[in-house]
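# A structural walkthrough
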Amino acid sequence: MSWDVIRVVAVLAIVIQHITHQAPINHPELGPYPFENPLQFGASTLLVVSAYFVCVTVRRGDTLSWLFKRLARLLPAYLVAVVVVYTITRQVTPLFGWYVPTPVDLAANLLMVQAWSPEFHWIDGSYWTLPMQVMAFTAAAVLWPRGWGRGVRLPVMLWGLVLLPAVIRVLWRGDDAQQWVVSAFDGLALHRVALFGVGVAIWLWTRDRLSTGHLSAYLLTALVAQDAHSQFADTPSTIAFGVVLVGVVAAAGGPDWDIPVLRALARPIRWLGGISFGVYLAHQELGYVLARLLVDAGVGPWGRLLACVALAVVLGWAMTRLVEQPAHTWLTTRGPERWQRLKQTAAAVGRAVRDLPTVPAQAPERPSSHTEPGVAAIPVRLPVHIRSDQPQAGSRGGSPAKPEVSPRESQASTRAADPRTSPDLPVSLTMVNSQPR
């Protein structure tokens, strides 16, 4: 229950913040709304929760299998969401005078390289967390079998995730930095990698491998570093994120939040927690489109707000039930079975090809060395015994065609080799020379 509450609070904070605060910034005609929520902490909270459960689950069995299952849940829904949002916005945004995404933008978003070049545009601004999660999952699958989850190396790496990006930000990633520095820093999301360190630190604390004082110092340093990356321009969001982190620590280390209020809302909370990823994928850009249509229709602020929230929930449910869950089930059950069958079929075909009989090479033709004195040597084929009842080439059941004289042979040599003028010619040569050539 406690983790579902954290997820629901985080995703609803994201949806409300994007509708009431970010939408009027991107498109001023979409405001105002009855209230504004400028606090940006929901996505950061989801990344911390994701990192925590990476540590909980990566230890179970083969890490490559674990990575495949993680990506099987993450990528299909993301790729479908990118295509759907791209298709819809490309059709309607020209009517609003908004930016129209290009096929290059689509390719960059599908490949998750949006942040690596200023030529690429985000199909949906919420998708900045997806490349980070893929990198984090991959790093966990590679590092865990190599002992990075044990000893002092893991705490040292966690402090590096906080301090090194801050140093890079101060020394090299300024506003006047070269483009390759900007692309590498933003593409690797170095200003947000400390969030995964926070999740790992909380897990270490639950395993009694990190003291409460050490954890507190780490969380405080991570919060200051995150505020520094935004040049201390959004301190209220950092404070709100710190408050939510207290709840995350309580959910990880304490008993489940089985209190009367939450118990009464247990069913909708669990349902919303189960579709939170789908809501996250579908709410922002499509919510902007709906808000613009409602503005043009004269719908008031409260109506637009409720409609956009309802759209996010409905689309999130559809994304979860129609894409995320079926794709994950197929990829983790039927997919491996099909792959094994395909490999077995390919192996059987390979064995069958290797077992095919080898066709011997045809012996080259050699001229006959048996000639009579005075008879010119001519090219001779090996004798072929022909049945009298077998039709020959160039005929339709009648007599064989007459042999043609080779242009390389003189008429004299031909006459000399003709059986009618050379009675002493061997029988085998006579038979060969009578065949069509």
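Use the structure listed above.
Here's a quick rundown of the structure. (Residues numbered from 1 in each chain as written. Predicted model: local features only at pLDDT ≥ 70, side-chain atom pairs only at ≥ 80, totals over all residues. Heavy atoms only, no water.)

## Structural notes on the overall build of the protein
For the protein, the count of helices and strands is 17 helices and 0 strands. A burial count over the protein gives 41% of its 437 residues as buried. Sequence separation of 24 or more characterises 73% of the internal contacts of the protein that already satisfy a separation of 6 or more. (Helix = DSSP H or I, 4+ residues; strand = E, 2+ residues; numbered from the N terminus. Buried < 20%, exposed > 50% of the residue type's maximum accessible area, 1.4 Å probe, protein only. Contact = heavy atoms within 4.5 Å.)

## Focus on empty space enclosed by the protein
Within the structure shown, the criterion is met by 3 cavities of 30 Å³ or more. Computed from the structure, the largest cavity encloses a volume of approximately 80 Å³. The wall of the largest cavity is formed by 16 residues, among which His191, Ala194, Leu195, Ala222 and Gln226 lie closest to the centre. Listed by contribution, the elements that provide at least two residues to the lining of the largest cavity are α6 (153-171), α8 (194-206), α9 (212-229) and α10 (235-253). Among the elements that take part in the lining of the largest cavity, α9 stands out by supplying 6 residues, more than any other. (1 Å grid on protein atoms, 1.4 Å probe; cavity = no way out; pocket = protein on both sides within 12 Å on 5 of 7 lines; lining within 4 Å. Points joined across faces, edges and corners; volume = space filled by probe spheres on them.)

## Quick look at the environment of threonine 138
Here threonine 138 shows up in helix α5 (residues 129-143). C-alpha of threonine 138 to C-alpha of phenylalanine 68: the two residues are 70 residues apart in sequence and 9.6 Å apart in space.

## Quick look at α10
Between the first and last C-alpha of α10 there are 27 Å, a value that for 19 residues agrees with the 27 Å anticipated at 1.5 Å per step. Those residues of α10 that fall on the buried side of the exposure criterion are Ser237, Thr238, Ala240, Phe241, Gly242, Val244, Leu245, Gly247, Val248, Val249, Ala251 and Ala252. (Expected span 1.5 Å × (residues − 1).)

## Brief notes about the packing of aromatic side chains
This structure, assessed with the given rule, holds 9 aromatic pairs. Ring geometry for tryptophan 144 against tryptophan 203: centres 6.2 Å apart, planes inclined by 70°, an arrangement best described as edge-to-face. Of the two residues, tryptophan 144 is situated in the loop between α5 and α6 and tryptophan 203 in helix α8; the sequence distance between them amounts to 59 residues. Each of the two residues, tryptophan 144 as well as tryptophan 203, counts as buried. An aromatic cluster is built from Trp3, Tyr52 and Phe53, whose rings are joined through pairwise contacts. Against the face of phenylalanine 137 rests arginine 70, its NZ or CZ located 5.2 Å from the ring centre. (Phe/Tyr/Trp six-rings, centres within 6.5 Å; stacked < 30°, edge-to-face > 60°. Lys NZ or Arg CZ within 6 Å of the ring centre and 35° of its normal.)

## Here's the deal with the layout of surface pockets
If you add up the space inside the second largest pocket, you get close to 770 Å³. Lining the second largest pocket are 24 residues, with Arg7, Arg70, Arg73, Gln133 and Phe277 sitting closest to its centre. Top contributing element to the lining of the second largest pocket by residue count: helix α2 (residues 42-57), with 6 residues. Partitioned by chemical class, the residues of the lining of the second largest pocket number 11 nonpolar, 7 polar and 6 charged. (Nonpolar A, V, L, I, M, F, W, Y, C, P; charged D, E, K, R; others polar.)

## Overview of the side chain of threonine 57
Here threonine 57 lies in helix α2. We classify threonine 57 as buried; its relative accessible area is 18%. Side chain to side chain, threonine 57 and arginine 70 meet in a polar contact 3.2 Å long. In contact with threonine 57, other than residues within four places in its own chain, are Trp66 and Arg70. (Polar contact = N/O pair within 3.5 Å; in protein donor to acceptor, adjacent residues only side chain to side chain.)

## Some remarks on a positive patch on the surface
The grouping of Arg59, Arg60, Arg150, Arg153, Arg207 and Arg209 at the surface amounts to a positive patch. Structurally, arginine 153 can be placed in helix α6. Judged by relative accessible area, arginine 153 falls into the partly exposed class, the value being 38%. (Patch = residues over 30% accessible without salt bridge, like charges linked within 9 Å, V, L, I, M, F, W, Y side chains within 5 Å. Areas by Shrake-Rupley, 256 points an atom, 1.4 Å probe, with all protein chains shown as cover. Salt bridge = Lys/Arg side-chain N within 4 Å of Asp/Glu carboxyl O. Lys, Arg positive; Asp, Glu negative; His and termini not counted. Charge placed at Lys NZ, Arg CZ, Asp CG, Glu CD.)

## Considerations on helix α3 (residues 63-96)
When the terminal C-alpha atoms of α3 are compared, their 47 Å separation across 34 residues agrees well with the 50 Å that a helix rising 1.5 Å per residue should span. In α3, a bend of some 35° at arginine 90 exceeds every other bend along the element, and proline 94, a proline, comes one to four places later. Among the residues trailing α3, glycine 97 stands out with phi positive, at a value near 80°. (Bend = angle between axes of the 7 residues up to and from the residue.)

## Topic: unusual backbone geometry
With an omega of -5°, the peptide bond between glycine 31 and proline 32 qualifies as cis. Inspection of the secondary structure puts proline 32 in the loop between α1 (2-26) and α2. We note that aspartate 208 has phi near 60°; this positive angle belongs to a residue other than glycine. Residue placement: aspartate 208 occurs in the loop between α8 and α9.

## Comments concerning the environment of tyrosine 52
One can find tyrosine 52 in helix α2. Residues tyrosine 52 and alanine 252, spaced 200 residues apart in sequence, show a C-alpha to C-alpha distance of 8.6 Å. The contact partners of tyrosine 52, leaving out residues within four places of it in the chain, are Trp3, Gly199, Ile202, Trp203, Thr206 and Ala252.

## Brief notes about the nonpolar core
Core analysis: the largest hydrophobic core is formed by 87 residues, its most contacted members being Val48, Trp66, Leu130, Val198, Ile202, Trp203 and Leu281. It is α3 that contributes the most residues to this core, 11 residues altogether. Residues Val5, Val8, Leu262 and Ile269 belong to the second largest nonpolar core, which totals 6 residues. (Core = buried A, V, L, I, M, F, W, Y, C linked by side-chain atoms within 4.5 Å.)

## A look at the environment of glycine 242
Tracing the sequence through the fold places glycine 242 in helix α10. For glycine 242, a relative accessible area of 16% translates into the label buried.

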